[in-house]
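# Overview (structure and organization)
Chain by chain, the residues:
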Amino acid sequence: MPRPIQVTVHPEALRANLARLRAETPDSRVWGVVKANAYGHGIERALEGLRSVDGFALLDLDEASRLRALDWRGPLLLLEGVFETRDLELCSRLGLWHVVHCEEQIDMLALHKTHAPHRVFLKMNSGMNRLGLRPAAYRNAWARLNALPQVEEITHMTHFSDADGPLGVAHQVRVFDAATRDLPGERSLSNSAAILRHAAAPDLPNLAADWVRPGVAIYGSAPDFPAHDIAHWGLLPAMTLSSRVIAVQALQAGDTVGYGSTFSAPGAMRIGIVACGYADGYPRHCSTGTPVLVQGRRTRTLGRVSMDMIAVDLTDLPEAGFGSEVTLWGRAGNGQVLSIDEVAHAGGTVGYELMCAVAPRVPVQVDPAA
Ligand SMILES: *Cc1c(COP(=O)(O)O)cnc(C)c1O
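Our subject in this report is the structure included herewith.

Basis of the calculations
Residues numbered from 1 in each chain as written. Predicted model: local features only at pLDDT ≥ 70, side-chain atom pairs only at ≥ 80, totals over all residues. Heavy atoms only, no water. Near = heavy atom within 4 Å. Polar contact = N/O pair within 3.5 Å; in protein donor to acceptor, adjacent residues only side chain to side chain. Areas by Shrake-Rupley, 256 points an atom, 1.4 Å probe, with all protein chains shown as cover. Nonpolar A, V, L, I, M, F, W, Y, C, P; charged D, E, K, R; others polar. Axes fitted to C-alpha atoms, helices over the stretch in contact; angles between N-to-C directions. Helix = DSSP H or I, 4+ residues; strand = E, 2+ residues; numbered from the N terminus. Parallel < 35°, antiparallel > 145°, perpendicular 65-115°, else oblique. Left-handed = near helix turned anticlockwise from the far one by under 90°. Contact = heavy atoms within 4.5 Å. Core = buried A, V, L, I, M, F, W, Y, C linked by side-chain atoms within 4.5 Å. Buried < 20%, exposed > 50% of the residue type's maximum accessible area, 1.4 Å probe, protein only. Pairing = 2+ DSSP bridges. Right-handed = clockwise from strand over helix to strand, strands pointing away. Salt bridge = Lys/Arg side-chain N within 4 Å of Asp/Glu carboxyl O.

Every one of the 14 residues lining the ligand counts as a neighbour, but K35, Y39, S192, V216 and Y352 are closest to it. In this structure, a nitrogen atom belonging to the ligand sits 2.9 Å away from a side-chain N or O atom of R213. V216 is positioned such that a nitrogen or oxygen atom in its backbone is 2.8 Å from an oxygen atom of the ligand. Contact with the protein chains removes 93% of the 390 Å² of surface that the ligand exposes when unbound. Grouping the constituent residues of the shell around the ligand by class yields 7 nonpolar, 4 polar and 3 charged.

Dropping the structure here:
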């Protein structure tokens, strides 16, 4: 028997989460963001649950090629655009739309001998200071692109730094609107947090615009946890990380658990040792107190996470023992949910990082029930 750790991807949850996001922005087309191998779920495995999107947005030419090989004929958008002139060949061949975020990428396009004109998303740096042209340079860049025979259509785009937090998006929307107001073309602004938190706000009527770009919410993580959780947003976990108890120990008061003896039993306890460690992608920072489900019932981790194992508290779960199902995050066999956000929060990180960081040694299956 293989080691019992397992990731399960739930296509039904992907479908439900997409429907939930669409309901929030019914007049917009949806880019399903599938960068980082569909946020760790696997593009091939996630595709079935994501077929209702209007296009896929990603970073790697390789991921774009894989989607074309899977017979996805719809739009594909490269969110960082191309990295060298040669990449434009593949854009032409595979029909990829691409972001243009800097003058150098316009130079490359101007030199490119294209078969068919390209559809580009011109990205404005409206305050995040990562990618994009500043408002003062944006209009000139637009005019340059607009004059190129290599370019067929230009969509205006920007990205928010604080859609999930108290600063919000209004200041960036103002900058974006002011610089693009009189320019023709479609627009795209919102990620998951902007869709869920701000798209329905009456003071930001253009936020959903022509295209939205949800990522993490599709996969069942609340982008603004702990302010809100997935239950609040009506999202379902699209990934379950599960394993089993492979040993049980009975502790006396004063006995310690694991490397560094960081947990000491206050009295008699029963603990389970679970086949899951940081080499599987479970965060090492999730020491004592991180929530975990055993046979679908909530308990906690104890001591340090080691490479291949963690310890969990079974003291109040007398029916649990060797072989019991353990849900590190996601959905247990009895339907109980432990959100990836809760686990991430206990480890001082975000759901995004955990879903992207599941280790290659963990086998992945698609939920046969959905
Ligand atoms: C990753 C990304 C998104 C999706 O962000 P989420 O927070 O996962 O919804 C949208 N737009 C761009 C440009 C991105 O890089």
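There is more to say after this.
Now for the packing of helix α1 (residues 11-24) against helix α3 (residues 43-50). Two numbers describe how α1 lies on α3: the axes approach to 7 Å, and their chain directions differ by 50°. In terms of their interaxial angle, α1 and α3 are classed as oblique. Regarding α1 and α3, the two cross each other, and that crossing is right-handed. Where α1 abuts α3, its residues P11, L14, R15 and L18 lie against A46, E48, G49 and L50. Residues belonging to the contact of α1 with α3 are distributed by class as follows: 5 nonpolar, 1 polar and 2 charged.

Bringing the nonpolar core into the picture now. Of all hydrophobic cores here, the largest spans 108 residues; its most connected members are L145 and W329. Sequence-distant contacts of W329, that is, excluding residues within four places in its chain, are made with M239, T240, L241, G281, Y282, P283, L338, S339, I340, V343, L354 and V358. With 9 residues, the next largest nonpolar core counts L251, F263, I273 and A311 among its residues.

The next thing to look at is the pairing of strand β6 (residues 118-124). Of all 7 residues making up β6, 6 are buried, and the element is well covered by its neighbours. Bridge analysis of strand β5 (residues 97-100) against β6 gives 3 bridges, and the strand direction is parallel. Paired with V100 across the strands is L122, a residue of β6. Crossover handedness for the path β5 to helix α6 (residues 103-111) to β6: right-handed. Pairing geometry for β6 and strand β7 (residues 151-158), over 7 bridges, is parallel. Paired with M124 across the bridge in β7 is T158.

It is the contact of α3 with helix α4 (residues 61-69), at a shortest axis distance of 11 Å, that shows an interaxial angle of 55°. In terms of orientation, α3 and α4 fall into the oblique class. Considering how the two elements wind past one another, α3 and α4 form a crossing that is right-handed. On the side of α3, the interface is formed by I43, E44 and L47, while α4 contributes E63, R66 and L67. Partitioning the contact of α3 with α4 into residue classes produces 3 nonpolar, no polar and 3 charged.

Let us now look at the pairing of strand β15 (residues 297-302). Direction of pairing for strand β14 (residues 291-294) relative to β15: antiparallel, over a ladder of 4 bridges. From the neighbouring strand, V294 faces β15, where its bridge partner is R297. Connecting β14 to the antiparallel partner β15 that follows it, the hairpin turn spans 2 residues, and Q295 within it adopts a positive phi of roughly 50°. Two elements, β15 and strand β16 (residues 310-313), share 2 bridges in a ladder whose sense is antiparallel. When the bridges of β16 are listed, T301 appears paired with V312.

Turning next to the pattern of salt bridges. Summed over all chains, the structure comprises 21 salt bridges. Its salt-bridge partner being E24, residue R20 comes within 2.9 Å of it at the nearest N-O pair. With R20 and E24 both in helix α1, this residue pair falls 4 residues apart, about one helical turn. Residue R20 is classed as partly exposed on the basis of its relative accessible area of 23%. On the basis of relative accessible area, E24 is assigned to the partly exposed category, the value being 22%. Ionic contacts of the salt-bridge type, sharing partners, join the residues R3, D280, D308 and R361 into one network.

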